[in-house]
Amino acid sequence: MSKPIYVLSGPNLNMLGKREPEIYGSQTLDDIHKSLSEKATKQKVELSCHQSNHEGQLVDLIQEAGNKASGLIINAGALTHTSIALADAIRAIDIPAIEVHMSNVYQREEFRHHSYLSPVVIGLICGFGSQSYELALDVLLREEQR
Ligand code: DQA
């Protein structure tokens, strides 16, 4: 078995399903992790899925991914727009990282238009609900096949 792909979600994403369903839909984060894992398993790739409301813990998980994973999918939630620490952590690891957002952040408030993470990831997917995670996984699974 190859190295796992890490899927990290930041603050308040544990509230998916209840949180602003008109923006984020009705699926829970567990539902999303389950369908991502099914997709990955079909390609014999393991996923390691985590959620934390704490910036420092997300830094630890990014560093862990750098040591153990073949790729990283990260939805940092609101920390996207504020966290130099998360950007530095991603910059310090040597695996492809993809930034995802469920909502189209560019259709929303101005403060969501800036991301500290975009300059340090290979690409950004936003606006497709839970499919944003799936599309990011497709990209990394394709990289695995090369
Ligand atoms: C989000 C967008 C962020 O602006 C917001 O703070 C979130 C979720 C998204 O997935 O659309 O928590 O990252």
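Rules behind the numbers
- Residues numbered from 1 in each chain as written.
- Predicted model: local features only at pLDDT ≥ 70, side-chain atom pairs only at ≥ 80, totals over all residues.
- Heavy atoms only, no water.
- Axes fitted to C-alpha atoms, helices over the stretch in contact; angles between N-to-C directions.
- Helix = DSSP H or I, 4+ residues; strand = E, 2+ residues; numbered from the N terminus.
- Parallel < 35°, antiparallel > 145°, perpendicular 65-115°, else oblique.
- Left-handed = near helix turned anticlockwise from the far one by under 90°.
- Contact = heavy atoms within 4.5 Å.
- Nonpolar A, V, L, I, M, F, W, Y, C, P; charged D, E, K, R; others polar.
- Near = heavy atom within 4 Å.
- Polar contact = N/O pair within 3.5 Å; in protein donor to acceptor, adjacent residues only side chain to side chain.
- Areas by Shrake-Rupley, 256 points an atom, 1.4 Å probe, with all protein chains shown as cover.
- Expected span 1.5 Å × (residues − 1).
- Buried < 20%, exposed > 50% of the residue type's maximum accessible area, 1.4 Å probe, protein only.
- Arc of directions from axis to C-beta.
- Pairing = 2+ DSSP bridges.

Draft legend 1. Quick look at the packing of helix α2 (residues 29-42) against helix α5 (residues 131-145). The N-to-C vectors of α2 and α5 enclose an angle of 25 degrees; their axes lie 10 Å apart at closest approach. When the interaxial angle is binned, α2 and α5 end up roughly parallel. In this structure, α2 crosses over α5, and the sense of that crossing is right-handed. The segment α2 lies against α5, with L29, I32, S35, L36, K39 and A40 engaging Y133, E134, L137, D138 and L141. Among the residues forming the contact of α2 with α5, the class breakdown is seven nonpolar, one polar and three charged.

Draft legend 2. Representation of the site of the ligand within the structure. Near the ligand, the surroundings consist of R19, Y24, N75, G77, A78, H81, H101, M102, S103, V105 and R112. In the environment of the ligand, an oxygen atom lies 3.0 Å from a nitrogen or oxygen atom belonging to the side chain of R19. Here an oxygen atom of the ligand and a side-chain polar atom of N75 are 2.8 Å apart. Protein contact buries 99% of the 320 Å² of open area that the ligand shows by itself.

Draft legend 3. Up close: α2. Under the 1.5 Å per step criterion, the end-to-end length of α2 is 20 Å for 14 residues, consistent within 8% with the ideal 20 Å. Among all positions in α2, only L29, I32, H33, L36 and A40 are buried. In a view along the axis of α2, the buried residues occupy a sector of 95 degrees, so they form one face of it. Among the exposed residues of α2, those pointing more than 90 degrees away from its buried face are D30, K34, T41 and K42. Buried residues in α2 make contact with β1 (5-9), β2 (47-51) and α5. Positive phi shows up at K44, right after α2, with a value of about 55 degrees.

Draft legend 4. How the structure looks around unusual backbone geometry. Backbone geometry at N12 places phi at a positive 75 degrees, although glycine is not the residue there. Counting through the fold element by element, N12 comes out in the loop between β1 and α1 (21-24). In this model, E20 sits at a positive phi of 35 degrees, which is unusual for a non-glycine residue. Residue placement: E20 occurs in the loop between β1 and α1.

Draft legend 5. Representation of the sheet that holds strand β3 (residues 71-75) in the model. Pairing in this open sheet of five strands is parallel, and the strands run β2-β1-β3-β4-β5 from one edge to the other. If you trace the sheet from one side to the other, it starts and ends with β2 and β5 (123-126), each paired once. On average, each strand axis in the sheet is tilted by 20 degrees relative to the strand beside it, whichever way the strands run. Strands in contact with α2 are β1 and β2; relative to β2, the strand with the most contacts, it is inclined by about 165 degrees. Packed onto the sheet, helix α3 (residues 55-68) meets β1, β2 and β3 and runs at close to 170 degrees relative to β1.

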